[in-house]
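Summary of the model geometry
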Amino acid sequence: MTRAQRTRACISYLFAALLFWQAHATATAQTPTPIPPPSEQSADIPTELLEALQLYKQSQSLYEASKYAEALPPAERAFALSEKVLGADHPEVSVTMSHVALLYKMTGDYERAAALYQRALRIREKVYGAAHTEVATALNRLALVYLERGDYVEAEPLFQRALGIRERTSGADSPELSTLLNNLATLYVLRGDNERARPLLMRSLAIEERVLGADHLSVASTLNNLAELYKSEGELERAEPLLVRALDIRRKALGEEHTSTALTMNNLAALYHARGDIRRALPLTEKVLAIRERLFDREHPDVTTSVNNLGALYTLSGEYERAEQLYLRALAADEKRLGARHPSVVTGLTNLAALHIARGDGVRAVEFMERAEEGREHNLALNLFAGSERQKLAYLTTLGGETNAVVSLHANYAPRDARALKLALTTILRRKGRALDAMADQIAALRRRLAPEDKVFLEQLSAAQSRLSALVLGGTTEASGQERAASIRRLEAEIERLQDTISRRSAGFAVRAPSVTTASVQGLLGDDAALVEFVAYKPYDPKSMRADERFGALRYIAYVLRRQGEPLWVDLGAAREIDAGVVRLRDALKRPASKNFKEAARALDEAVMRPVRRLAGDARHLFISPDGALNLIPFAALVDEDGKYLLERYPVTYLTSGRDLLRLQSSAESSQPPLVIADPLFGTRGANAVAPERGAGVATRSADMGQMSFTQLPGTAEEALSLGSTLPGVRVLTREQATEAALKGISSPRVLHVATHGFFLPDVAASAAAAGARSGGAQANGENQPAARIENPLLRSGLALEGANRRQGVGGEDGILTALEVAALDLWGTKLVVLSACETGVGEVKNGEGVYGLRRALVLAGAEAQVMSLWQVSDEATRDLMVAYYKRLMKGEGRTEALRQVQLEMLRGGMQEQGGAERGVLGKQERRLQSDRSHPFYWAAFIQSGDWRAMQAPRTASR
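Residues numbered from 1 in each chain as written. Predicted model: local features only at pLDDT ≥ 70, side-chain atom pairs only at ≥ 80, totals over all residues. Heavy atoms only, no water.

Moving on: the overall build of the chain. When you go through the chain residue by residue, the secondary structure sums to 37 helices and 18 strands. Considering the chain as a whole, with its 959 residues, one finds that 59% of them fall into the buried category. For the chain, restricting intrachain contacts to residue pairs at least 6 apart in sequence, the fraction spanning at least 24 positions comes to 75%. Taken as a whole, the chain presents about 36100 Å² of accessible surface, with 51% of it coming from carbon and sulfur. (Helix = DSSP H or I, 4+ residues; strand = E, 2+ residues; numbered from the N terminus. Buried < 20%, exposed > 50% of the residue type's maximum accessible area, 1.4 Å probe, protein only. Contact = heavy atoms within 4.5 Å. Areas by Shrake-Rupley, 256 points an atom, 1.4 Å probe, with all protein chains shown as cover.)

Written as structure tokens, this is what we have:
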């Protein structure tokens, strides 16, 4: 062996030993003794490299003693020497490089840590290949830095890639695999995605206890993280024993003064804090702070976290001066080291706002909350640019308490402060319906570019959603219950993966959304328009000792914005009473024989709209963004103090949020002519299917929807015939052509009109009789069977098409188009979608996010405007309404105003019923009223949302 070969071999030997040392120390927090090289080879090693190795060992020893700041200078020197001798891209240099990066991370210098870890990753990928365990280690380290910085979207794919490498190379029971499972789960907990975190933590814990033993330090880490998951869900009783056990393990292995021990103490103190047990939380928090101040400098993020926690305890104790000093100290340090937008800085600002709310100083509270919300908006945009729709919603859920606090700050603590009002409204405009907006914008960005590979992903998503719909709603199959459940889970995971891929692919070329402010929305309102933003919120009390008692019972508030002047607002009162009024009104409107509909409409108007009208002044067009149960009523059917329907006073356009006005300023061109799909041949009913009977309280909830049956609707055939002569260039598909496959094959028709049965299945376990009428002419068999849960509301609403009764349509489809499948349609550039069917506008209501059903699906698909129904509708009356509506549209009337004028004609008796079948199920008493369409049952069911203007009109929010 030549001298050069001996030198290279010795260098590799030494660095391999150090790499083992570092990896072992990082995993176990214990210092093994590295194997020294053979003494006879030492003469072949450059002096500078030997010095670097000694410095490295010195730094590592200091690191193990938790003296991170002291460990940094020798580590930096060792790195510089090894880089000088071996070159910047030498594989062994990545050992000292990664050690310096680790120390940067431990001292809170995340930017420099990330830069070095990125270099180390590139070196290892080049040397070892993309699928090597050394690459997995480098990926994990870089992801952990992103996690500390709050860049969850950047961290997730790194963790996932590392996890994939470990699963292929390290075996199912390797400690390295367990560590990655734990780290990825931690990320999911921080993003509010406990659904994905829980199984990872349980799997990690099982591996560690089996392979490493119940008292291993890795077990303590997983117990700590599992406890944090339970704590985030309010399950403090389950979290406490896990933290106590983790603390015991770390104390025995590491001692009282170690940073890992202090972390578990901190989390246990936070649990006592959440319980309101200040007596136990305060001394433990003070102890953690003392330990961390001995280990780190005063500006270290761990120190400032403890300072913040201590300030929160003093706030609850009423020691406001001491709390404020601590909060300001932590804030100054965090802003200096982490930057103004870091999540820790945002938390500190929010804490200061809560402190000033508790002190009764609304002005100072608003100042701090304004700064917090700007940082939160930055982080929100960062974390919504990737992930599935469910993950986006999970992350937004973590901000729910903060949103409630912002609204409460205005409504309850600073009601006369104009800045507090503007802050509350701006926050609502930014967050309401945000997950829907983010997902819709990302799909639209991909459709705009539509490179071949983009089209593949969109097609794969559509196919996966169709398979899931067929599997969930298709009834019994030969597969066992466990096999079916496993298939559903696989498809759900595939859909989430594809949604995340689409989100990430669109990020590089998506059109940057305009800044959302009250002024930017205000500038889009016409002089005659008013935006009414309803908000369901829980009042916040910062003085409450227990975390689970800090938010009160749900209330409604309304904000009103005109083109000129400041925003106005009114607190409408308890949601419980208003929601009960919504139920009474819906029950009255859904039955044309009801006599009390005006009383119910007047009572709800008095509670909800009369206060709003006083603020709207002389506005003649209302843009209404409902929240909560208010999503399920037609505001046009409310009756004012003069006995007039709101229909007679205003055109009403529905929005998910006032932010929609910004999104609707951009428009795409349609690529196909109008399309009408109507009067499908549903096919022969199965032997056990039950046909609907007039007068029956038809229910549609069954275990699997497998026996639901649909009847023909004569009015839809006539509707299609009339629209065929009204819409220029229209393509009409009826009978055997009205297929699910045809609908899925569309590409941006100018108008899409579907006239058929619609349905919405409530997600409750109830007998069919108790479930109530939920679909247009659909009947479920097996009334006494308990209902199986279908958790995804987009799978519980949809449309019946050709072959629906047989569950077998043309092109291998099942004839049932769920809202989940509608969401995958290509409606980018479609000006109007009309679902001329029953209950297409209802769904599961989620506060702050609107209605989960066909409404949401159409926005995801890209439709500019939608017309949908809120209850079972009359077949003949609907036919006449739709024909009249399109005639007005073709004359150039706006989409909202055209619908209003037709409804006014029906209210005033200008359109008479001609008799015929019902799209809903009506009894004899109801049929006697067919000659009079003034009852809102006939005209109020359909609402218009989205773009209100004529098909081509200036982009201003007026009539």
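On we go.
Turning next to the packing of aromatic side chains. Given two aromatic rings, one states the distance between the centres and the angle between the planes to describe the pair. With the rule as written, the count across this model stands at 10 aromatic pairs. Between tyrosine 68 and phenylalanine 296, the ring centres sit 5.4 Å apart and the planes meet at 20 degrees, which makes this aromatic pair stacked. Taken together, the residues span a long stretch of sequence, with tyrosine 68 in helix 3 (residues 68–86) and phenylalanine 296 in the loop between helix 13 (278–295) and helix 14 (301–316) at a distance of 228 residues. Of the two residues, tyrosine 68 and phenylalanine 296, neither departs from the other in class, the shared state being buried. Here the basic side chain of arginine 949 rests over the ring of tryptophan 948, its NZ or CZ set 4.3 Å away from the ring centre. (Phe/Tyr/Trp six-rings, centres within 6.5 Å; stacked < 30°, edge-to-face > 60°. Lys NZ or Arg CZ within 6 Å of the ring centre and 35° of its normal.)

In the structure shown here, the tally under the stated rule is five cavities of 30 Å³ or more. Taken as a whole, the largest cavity encloses approximately 240 Å³ of empty space. Lining the largest cavity are 20 residues, with Leu655, Thr656, Arg855, Val859 and Ser945 sitting closest to its centre. Counting only elements with at least two residues in the lining of the largest cavity, the list comes to helix 28 (660–663), strand 16 (850–853), helix 33 (854–861) and strand 18 (942–946). When residues in the lining of the largest cavity are grouped by element, the largest group, three residues, is from helix 33. Of the residues assigned to the lining of the largest cavity, the class counts are eight nonpolar, six polar and six charged. The volume enclosed by the second largest cavity comes to roughly 130 Å³. Taken together, 16 residues make up the lining of the second largest cavity; nearest its centre are Ala636, Leu647, Val652, Gln903 and Phe942. Taken together, the elements giving at least two residues each to the lining of the second largest cavity come down to strand 5 (652–654), helix 35 (895–907) and strand 18. Each residue belonging to the lining of the second largest cavity can be placed in one class, and the counts come to 12 nonpolar, three polar and one charged. (1 Å grid on protein atoms, 1.4 Å probe; cavity = no way out; pocket = protein on both sides within 12 Å on 5 of 7 lines; lining within 4 Å. Points joined across faces, edges and corners; volume = space filled by probe spheres on them. Nonpolar A, V, L, I, M, F, W, Y, C, P; charged D, E, K, R; others polar.)

Pairing is antiparallel across the open sheet formed by three strands, whose spatial order is 10-12-13. Strands at the two margins of the open sheet, each flanked by one partner only, are strand 10 (758–760) and strand 13 (816–818). Sheet twist, expressed as the mean angle between neighbouring strand axes with direction ignored, is 25 degrees. When strand 10 meets strand 12 (residues 797–800), the two strands line up antiparallel, connected through three bridges. Bridged to phenylalanine 760 within strand 12 is serine 797. (Pairing = 2+ DSSP bridges. Axes fitted to C-alpha atoms, helices over the stretch in contact; angles between N-to-C directions.)

Our focus in this paragraph is unusual backbone geometry. Backbone geometry at serine 748 places phi at a positive 55 degrees, although glycine is not the residue there. Within the secondary structure, serine 748 is located in the loop between helix 30 (740–744) and strand 9 (751–755). The backbone of glutamate 839 shows a phi angle near 55 degrees, a positive value even though the residue is not glycine.

Here strand 2 (residues 555–562) pairs with strand 3 (residues 568–574) via six bridges, running antiparallel. Bridge assignment links isoleucine 557 to a residue of strand 3, and that residue is aspartate 571. Between strand 2 and strand 3, which pair antiparallel and follow one another directly, the connecting turn spans five residues, one of which, glycine 565, has a positive phi of 95 degrees.

Turning our eyes to something else, we now look at helix 18 (residues 389–397). Counting buried residues in helix 18 gives seven out of nine residues, a clear majority hidden from the surface. The complete set of buried residues in helix 18 reads Glu389, Gln391, Lys392, Leu393, Ala394, Tyr395 and Leu396.

What follows covers the environment of alanine 553. With respect to the helices and strands, the residue alanine 553 is situated in the loop between strand 1 (529–537) and strand 2. Under the relative-accessibility criterion, alanine 553 is labelled exposed at 64%. Distance from alanine 553 to arginine 576, taken between C-alpha atoms, is 8.5 Å for residues 23 residues apart in sequence.

What tends to happen in soluble globular proteins is that the nonpolar side chains get buried as a cluster. Ranked by internal contacts, the top residues of the largest apolar core, which has 152 residues, are Phe159, Leu531, Tyr559, Phe623 and Leu661. With nine residues, helix 6 (residues 133–149) is the largest single contributor of residues to this core. Ignoring sequence-local partners within four residues, the contact set of tyrosine 559 consists of Val407, His410, Leu421, Ala424, Leu425, Leu531, Val532, Glu533, Val535, Leu568 and Trp569. (Core = buried A, V, L, I, M, F, W, Y, C linked by side-chain atoms within 4.5 Å.)

What the rule picks out here adds up to 84 salt bridges. With its nearest N and O atoms 3.7 Å apart, the salt bridge here joins arginine 390 to glutamate 195. Taken as a pair, arginine 390 in helix 18 and glutamate 195 in helix 9 (residues 194–211) lie far apart in primary sequence, 195 residues in all. In this structure glutamate 195 comes out as exposed when scored by relative accessible area, which is 55%. In this structure, aspartate 248 and lysine 252 form a salt bridge, with 3.2 Å as the shortest nitrogen-oxygen distance. (Salt bridge = Lys/Arg side-chain N within 4 Å of Asp/Glu carboxyl O.)

Let us look at the side chain of threonine 896. Along the chain, threonine 896 turns up in helix 35. For threonine 896, a relative accessible area of 4% puts it in the buried group. Apart from the residues lying within four places of it in its own chain, the contact partners of threonine 896 are His621, Pro651, Val652, Thr653, Gln944 and Trp948.

What follows is about helix 34 (residues 875–890). Taking 1.5 Å of rise per residue, 16 residues should cover 22 Å, and helix 34 covers 23 Å from first to last C-alpha, within 8% of that figure. By the criterion of burial, helix 34 is predominantly enclosed, with 14 of the 16 residues buried. The opening residue of helix 34 is serine 874, an N-cap whose side-chain oxygen sits 3.2 Å from the backbone nitrogen of alanine 877. Where helix 34 terminates, the next one or two residues include glycine 892, which has phi positive at roughly 100 degrees. (Expected span 1.5 Å × (residues − 1). Polar contact = N/O pair within 3.5 Å; in protein donor to acceptor, adjacent residues only side chain to side chain.)

Moving on: the confidence of the model for the chain. When the pLDDT values of the chain are averaged, the result is 85; 85% of them are 70 or greater. For the chain, per-element mean pLDDT is lowest for helix 31 (residues 768–771), which scores 27, and highest for strand 2, which scores 98. Of the regions scoring below 50 in pLDDT, residues 764–789 engages in 77 contacts with residues more than four places distant in sequence or in other chains. In this model, residues 913–931 is a region of pLDDT below 50 whose contacts with residues beyond four sequence positions or in other chains number 67 contacts. (pLDDT = per-residue confidence, 0-100.)

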